[in-house]
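# Structural overview for review
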Amino acid sequence: MKTLSDEFNAAVGRQLRAEIAAAGSSIAAMARDIAIARSALDNYVTGKRAIPVPVLYAVCSQVQVAPHLVLARAEERLSADSAQGSGVLTPFRRRTNVAGTDDTIPEVAFDSPVGHERDTDDLYQ
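Note that the structure is a prediction, hence the values are computed from the model and not measured. (Residues numbered from 1 in each chain as written. Predicted model: local features only at pLDDT ≥ 70, side-chain atom pairs only at ≥ 80, totals over all residues. Heavy atoms only, no water.)

## Some details on the nonpolar core
The biggest cluster of nonpolar side chains holds 22 residues, and the ones touching the most others in it are L16, I20, M30, L41, L56 and V59. Put simply, the parts of the chain that give this core at least two residues each are helix 1 (4-22), helix 2 (27-34), helix 3 (38-45), helix 4 (53-63) and helix 5 (67-82). Element by element, the count of residues in this core is highest for helix 4, at 5 residues. (Core = buried A, V, L, I, M, F, W, Y, C linked by side-chain atoms within 4.5 Å. Buried < 20%, exposed > 50% of the residue type's maximum accessible area, 1.4 Å probe, protein only. Helix = DSSP H or I, 4+ residues; strand = E, 2+ residues; numbered from the N terminus.)

## Thoughts on helix 3
Buried within helix 3 are the following residues: A40, L41, Y44 and V45. Angularly, the buried residues of helix 3 cover 130 degrees about the axis, an arc narrow enough to put them on a single face. Among the residues trailing helix 3, G47 stands out with phi positive, at a value near 80 degrees. (Arc of directions from axis to C-beta.)

## Structural notes on the pattern of salt bridges
Using the criterion set out here, one finds 2 salt bridges in the structure. The salt bridge involving D42 is made with R17; its shortest N-O contact spans 3.4 Å. You can see D42 sitting in helix 3 and its partner R17 sitting in helix 1, a full 25 residues away along the chain. A residue is classified by how much of its surface remains accessible, and D42, at 22% relative accessible area, is partly exposed. One salt bridge in this structure joins R73 and E19, with 2.6 Å as the shortest N-O distance. Taken together, the residues span a long stretch of sequence, with R73 in helix 5 and E19 in helix 1 at a distance of 54 residues. Residue R73 is classed as buried on the basis of its relative accessible area, which comes to 15%. (Salt bridge = Lys/Arg side-chain N within 4 Å of Asp/Glu carboxyl O.)

## Some details on the confidence of the model for the protein chain
Summing up the model confidence of the protein chain, the mean pLDDT is 80 and the portion of residues at 70 or higher is 65%. Confidence, read as mean pLDDT per element, is least for helix 5 in the protein chain (88) and greatest for helix 4 (95). (pLDDT = per-residue confidence, 0-100.)

## Notes on the packing of helix 1 against helix 3
Running from amino to carboxyl end, helix 1 crosses helix 3 at an angle of 120 degrees, the nearest separation of the two axes being 7 Å. Relative to helix 3, the element helix 1 is oriented oblique. Two secondary-structure elements touch here, helix 1 through G13, R14, L16, R17 and I20 and helix 3 through L41, D42, Y44 and V45. In terms of residue class, the contact of helix 1 with helix 3 is made up of 5 nonpolar, 1 polar and 3 charged. (Axes fitted to C-alpha atoms, helices over the stretch in contact; angles between N-to-C directions. Parallel < 35°, antiparallel > 145°, perpendicular 65-115°, else oblique. Contact = heavy atoms within 4.5 Å. Nonpolar A, V, L, I, M, F, W, Y, C, P; charged D, E, K, R; others polar.)

## Some remarks on the environment of F8
Looking at the element boundaries, F8 is found in helix 1. F8 sits in the partly exposed class, given a relative accessible area of 28%. Remark: the alpha-carbon pair of F8 and E75, spanning 67 residues in sequence, is separated by 7.1 Å. If we skip the residues at most four places from it in the chain, F8 touches L71, A74, E75 and L78.

## A few points about the packing of helix 1 against helix 4
With their axes 10 Å apart at the nearest point, helix 1 and helix 4 run at an angle of 25 degrees to one another. Here helix 4 runs roughly parallel to helix 1, going by the angle between their axes. Like other packed secondary-structure pairs, helix 1 and helix 4 cross with a definite hand, here left-handed. Residues V12, L16, E19 and I20 of helix 1 form the contact with helix 4, whose participating residues are L56, V59 and V63. Partitioning the contact of helix 1 with helix 4 into residue classes produces 6 nonpolar, no polar and 1 charged. (Left-handed = near helix turned anticlockwise from the far one by under 90°.)

So this is what it looks like as structure tokens:
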């Protein structure tokens, strides 16, 4: 039987995973950024292991969200999951590198000085 602390740790892990995704990162990339093993971070965000406070702070620093907000959101998540109360949806801040629904700017991977006739991609068919 899971204790309340186990359930809260799992909720914090789920919230950290959500914050990492909202920041446009992945578990593997975040693990590299904070210099821990990917498997360790995966165990933390899935609730398999207790999340050390330094890891919480390191992830929060990378995603630029205050640790107390992550804990508050996790508490809301836990309340909503356990149906003991109503969870409050907290909107994530908009990432500046993602075009909005009104933006119709075409995306270009890169500008190349090589003209199409000199492009070698079609030589390998």
